[in-house]
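Close look at the chain arrangement
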Amino acid sequence: MNWTDTLDIAIALNEAHPDVDPQWVRFTDLHAWVLALPEFEGEAGTSSEKILEAIQMAWLEERD
């Protein structure tokens, strides 16, 4: 998984953090949580606020 795999990341985050409301997650925490996913292979420095926002939106949709 890499930064562009927003749906896969959202699914993995939903499984890893089922009690978290993604709407209120700070981007710094989201960044760290994505990097901590076992199947994530992207590099820390290649993300951006736009990518993190896309992941957050996908996670919100996954929760519905």
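Keep in mind it's a predicted model, so treat the numbers as computed, not measured.

A look at the overall build of the protein chain
When helices and strands are counted, the protein chain shows three helices and zero strands. Ordering the α and β elements of the protein chain from the N terminus gives α-α-α. Taken over the C-alpha trace, the protein chain has a radius of gyration of 10 Å; the compact-globule value for 64 residues is 11 Å, and the two agree within 12%. A principal-axis box enclosing the C-alpha atoms of the protein chain has dimensions of 30 × 20 × 15 Å. In the protein chain, which comprises 64 residues, the proportion classed as buried is 33%. Excluding contacts between residues fewer than 6 apart, the proportion of contacts in the protein chain whose partners are at least 24 apart in sequence is 74%.

Re the confidence of the model for the protein chain
Overall, the predicted model of the protein chain reaches an average pLDDT of 96, with 100% of residues at or above 70. Here helix H3 (residues 49–63) stands out as the element of the protein chain with the lowest mean pLDDT, 96, in contrast to helix H2 (residues 27–36), whose mean of 98 is the highest.

Parameters at a glance
Residues numbered from 1 in each chain as written. Predicted model: local features only at pLDDT ≥ 70, side-chain atom pairs only at ≥ 80, totals over all residues. Heavy atoms only, no water. Helix = DSSP H or I, 4+ residues; strand = E, 2+ residues; numbered from the N terminus. Rg over C-alpha atoms; globule rule 2.2 N^0.38 Å. Buried < 20%, exposed > 50% of the residue type's maximum accessible area, 1.4 Å probe, protein only. Contact = heavy atoms within 4.5 Å. pLDDT = per-residue confidence, 0-100.

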